[in-house]
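Understanding the architecture of this molecule
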Amino acid sequence: MDFTLKIWRQKNAKAKGNFETYKMDNVSPKMAFLEMLDALNKKLIEEDKDPVAFDHDCREGICGACSLVINGIAHGPKDRVTTCQLHMRTFKDGDQIDIEPWRAEPFPVVKDLIVERAAFDRIIQSGGFISVPTGTAPEAHAVPVPKVDADAAFEAAACIGCGACVAACPNGSAALFLGAKITHLGLLPQGQPERDKRALAMINQHDVEGFGGCTQIGECTAVCPKGIGMEVISRYHREVLSALMHHKA
Ligand code: SF4
Ligand code: FES
């Protein structure tokens, strides 16, 4: 398969950046998208040119490091798939493929396709944890959690912190990420002691970092590779409201 790639190149955070065009011929349809970029980089290095910087780690959809906007869609055109799980067979022979970094103010571009996502780490540091000593793994059923809560917590815990939700949101909101973390911990017994504090601290840090407010557009859930649903956003709104009421009382 032959492709024309239009890739965002930007030397550093301060540089202006622009799209550059590269031709990739004889690409196997079995190739993963990031393998195709590896092949491009090999070619660029052989030509003594600067390879394209992009983020990746596990390459199996679990770490959240990969982060490309492909043809205008965060993580590309396939539903519930991270960039690293995308294959070239998804595209048509002869296609032009536009490749850009996440674009959101709190995620500044470091180089080319790599953005800084430390803002997410700071949100987690503000409250996305438990500090009760839980010891070793309890015996099954020793901590009774209703099945419906356990399932919802598990689904929310699937969030890999990739930031696609922010990249897709016209408001640059991290509400889906925030909702996933608050839901995950707020539904479990271990998460109860810090529940109110957590919700307020995390939403505050979200705003401090410069993420926008949620207006329920839903672009976030459409691109989320883990299928996190917008109900987590309603849940975090309820958590914040109840924390404020407890605070008042
Ligand atoms: S909610 Fe989905 S899109 Fe947002 S950070 Fe988590 S996994 Fe990524
Ligand atoms: S590289 Fe880990 S999720 Fe894509």
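Below is a summary of the structure that appears in this document. Remember, it's a predicted structure, so these values are computed and weren't measured experimentally.

Further remarks concern the packing of helix α2 (residues 118-127) against helix α5 (residues 175-186). Here α2 crosses α5 at 30°, and the two axes come no closer than 11 Å. Considering their axes alone, α2 and α5 lie roughly parallel with respect to each other. Here α2 runs over α5; the crossing is right-handed. Here α2 contributes F120, I123, I124 and G127 to the contact with α5, which in turn contributes F177, L178, K181 and L185. Among the residues forming the contact of α2 with α5, the class breakdown is 6 nonpolar, 1 polar and 1 charged.

Neighbouring ligand 1 are 13 residues, the closest being C159, C162, G163, C165 and C224. Among the secondary structure elements, those contributing two or more residues to the shell around ligand 1 are α4 (164-168) and α5. Partitioned by chemical class, the residues of the shell around ligand 1 number 11 nonpolar, 2 polar and no charged.

As a further point, take the sheet that holds strand β4 (residues 73-74). Spatial strand order, β2-β1-β5-β3-β4: 5 strands in an open sheet with mixed pairing. Only two strands of the sheet have a single partner each, and these edge strands are β2 (18-24) and β4. Packed on one face of the sheet, helix α1 (residues 33-46) meets β1 (3-9), β2, β3 (69-70) and β5 (96-100) and runs near 90° to β2.

Let us now look at unusual backbone geometry. Backbone geometry at D48 places phi at a positive 65°, although glycine is not the residue there. Here D48 is to be found in the loop between α1 and β3. By relative accessible area, D48 is classed as exposed at 73%.

Here we come to the packing of aromatic side chains. All told, the structure shown has 7 aromatic pairs when counted by the stated rule. Centroid distance W8 to F19: 5.2 Å. Interplanar angle 80°. Geometry classified as edge-to-face. Placement of the pair is W8 in strand β1 and F19 in strand β2, with a sequence separation of 11 residues. Ring geometry for F120 against F211: centres 5.9 Å apart, planes inclined by 40°, an arrangement best described as tilted. Of the two residues, F120 is situated in helix α2 and F211 in the loop between α6 (195-208) and α7 (219-223); the sequence distance between them amounts to 91 residues.

The rules behind these values
Residues numbered from 1 in each chain as written. Chains lettered and ligands numbered in written order. Predicted model: local features only at pLDDT ≥ 70, side-chain atom pairs only at ≥ 80, totals over all residues. Heavy atoms only, no water. Axes fitted to C-alpha atoms, helices over the stretch in contact; angles between N-to-C directions. Helix = DSSP H or I, 4+ residues; strand = E, 2+ residues; numbered from the N terminus. Parallel < 35°, antiparallel > 145°, perpendicular 65-115°, else oblique. Left-handed = near helix turned anticlockwise from the far one by under 90°. Contact = heavy atoms within 4.5 Å. Nonpolar A, V, L, I, M, F, W, Y, C, P; charged D, E, K, R; others polar. Near = heavy atom within 4 Å. Pairing = 2+ DSSP bridges. Buried < 20%, exposed > 50% of the residue type's maximum accessible area, 1.4 Å probe, protein only. Phe/Tyr/Trp six-rings, centres within 6.5 Å; stacked < 30°, edge-to-face > 60°.

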